[in-house]
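Spelled out from the first residue to the last, the chains are:
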Amino acid sequence: MLRLYAAADEIGVSNVLTQSYDTPAEARLVSSLREKGELLVELVAKDEDTTVGYIGFSKHLNPEGWVALAPLAVIPQCRDRGVGADLVRYGLDYARRAGARAVTVLGDGRYYQRFGFTYKAAKNLTTPYSIENTLLYPIAAGTAFAEERLVYSSAFDAFSTAPTR
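Residues numbered from 1 in each chain as written. Predicted model: local features only at pLDDT ≥ 70, side-chain atom pairs only at ≥ 80, totals over all residues. Heavy atoms only, no water.

A. Region of the structure containing the overall build of the protein chain. The number of helices and strands found in the protein chain is four helices and six strands. Start at the N end of the protein chain and walk to the C end: the helices and strands fall as β-α-α-β-β-β-α-β-α-β. A globule of 165 residues ought to have a C-alpha radius of gyration of about 15 Å, and the protein chain, at 15 Å, matches this closely. Each of the 165 residues in the protein chain was classed as buried or not, and the buried ones make up 48%. For the protein chain, contacts bridging at least 24 residues in sequence account for 61% of all contacts bridging at least 6. For the protein chain, the exposed surface amounts to about 8400 Å²; the carbon and sulfur share of it is 49%. (Helix = DSSP H or I, 4+ residues; strand = E, 2+ residues; numbered from the N terminus. Rg over C-alpha atoms; globule rule 2.2 N^0.38 Å. Buried < 20%, exposed > 50% of the residue type's maximum accessible area, 1.4 Å probe, protein only. Contact = heavy atoms within 4.5 Å. Areas by Shrake-Rupley, 256 points an atom, 1.4 Å probe, with all protein chains shown as cover.)

Rendered as structure tokens:
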């Protein structure tokens, strides 16, 4: 079952993020984004009473109305069951309904392209991360191929490198 995040989910989400990544950095990132009020949408996947998946969409500081999909996590024993795909699909729909103009993701294109993310639409973006791994899901007219500088929340500073194009 998928649903919007509620405060009672905090420990379950932290557990999912900690189990899904090599370090607790993503759990700290989500906590910081939540504290700053910079998460537009958060969804959790539940298996009965256990949280098994999470997706967050944080607001870019620039361009206005753009969001970043980060992170997506599914506990190892529940992978390859479609949980992550459902989180992405429903998450994109929730983000669109919440007013997102475009969604960026830094990740594996082989995974994200099936949801409509493209490298090509992101080619004119300037980002503090690798442009070769940046994909864009355009929602509003004019966001595909836009020449924009992506500015992430300061919560992402621990992940940043020098700007690239």
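B. Looking closely at the environment of alanine 141. Take alanine 141: it is sitting in the segment after β6 (134-138). The exposure class assigned to alanine 141 is exposed, which follows from its relative accessible area of 74%. Sequence spacing of alanine 141 and arginine 101 is 40 residues, and the spatial spacing of their C-alpha atoms is 8.3 Å.

C. The arrangement of the layout of surface pockets in detail. Put simply, the largest pocket is a space of about 670 Å³. Contributing elements (two or more residues each) for the lining of the largest pocket: α2 (25-36), β4 (66-74), α3 (83-97), β5 (102-106) and α4 (109-112). With seven residues, β4 is the largest single contributor of residues to the lining of the largest pocket. A per-class count over the lining of the largest pocket returns 20 nonpolar, five polar and five charged. (1 Å grid on protein atoms, 1.4 Å probe; cavity = no way out; pocket = protein on both sides within 12 Å on 5 of 7 lines; lining within 4 Å. Points joined across faces, edges and corners; volume = space filled by probe spheres on them. Nonpolar A, V, L, I, M, F, W, Y, C, P; charged D, E, K, R; others polar.)

D. Focus on the sheet that holds strand β1 (residues 2-4). A sheet is described by the order of its strands in space; here six strands give the open sequence β1-β2-β3-β4-β5-β6, paired in mixed fashion. This sheet does not close on itself; its edge strands, each paired only once, are β1 and β6. Strand-to-strand twist in this sheet, taken as the mean axis angle between neighbours without regard to direction, amounts to 25°. Here β4 runs beside β5; their pairing, made up of three bridges, is parallel. (Pairing = 2+ DSSP bridges. Axes fitted to C-alpha atoms, helices over the stretch in contact; angles between N-to-C directions.)

E. Quick look at the side chain of serine 58. For serine 58, the position within the fold is in strand β3 (residues 50-59). Serine 58 gets classed as buried once you look at its relative accessible area, which sits at 1%. Non-local contacts of serine 58, meaning those with residues more than four positions away in its chain, are made with Leu33, Glu38, Leu39, Leu40, Trp66, Val67, Ala68 and Phe156.

F. Summary view of the pairing of β3. A large share of β3 lies buried, amounting to eight of its 10 residues. Strand direction decides the pairing type here: strand β2 (residues 39-47) and β3, joined by eight bridges, are antiparallel. Bridge pairing in β3 links glutamate 42 to glycine 56. In sequence, β2 turns back onto β3 through a hairpin of two residues, with glutamate 48 there showing a positive phi of about 60°.

G. Structural detail: the nonpolar core. Membership of the largest hydrophobic core comes to 52 residues, with the highest contact counts inside it found for Phe57, Leu69, Tyr112 and Phe117. For this core, the element with the highest residue contribution is β4, accounting for eight residues. If sequence neighbours within four positions are ignored, phenylalanine 117 has contacts with Leu69, Leu92, Val103, Thr104, Val105, Tyr112, Leu135, Leu136 and Tyr137. (Core = buried A, V, L, I, M, F, W, Y, C linked by side-chain atoms within 4.5 Å.)

H. Inspection of the packing of helix α1 (residues 10-20) against α2 at higher detail. It is at 8 Å that the axes of α1 and α2 come closest, and there the two elements cross at 145°. The segment α1 lies against α2, with Glu10, Val13, Ser14, Leu17 and Thr18 engaging Glu26, Ala27, Val30 and Arg34. Here the residues of the contact of α1 with α2 sort into four nonpolar, two polar and three charged.

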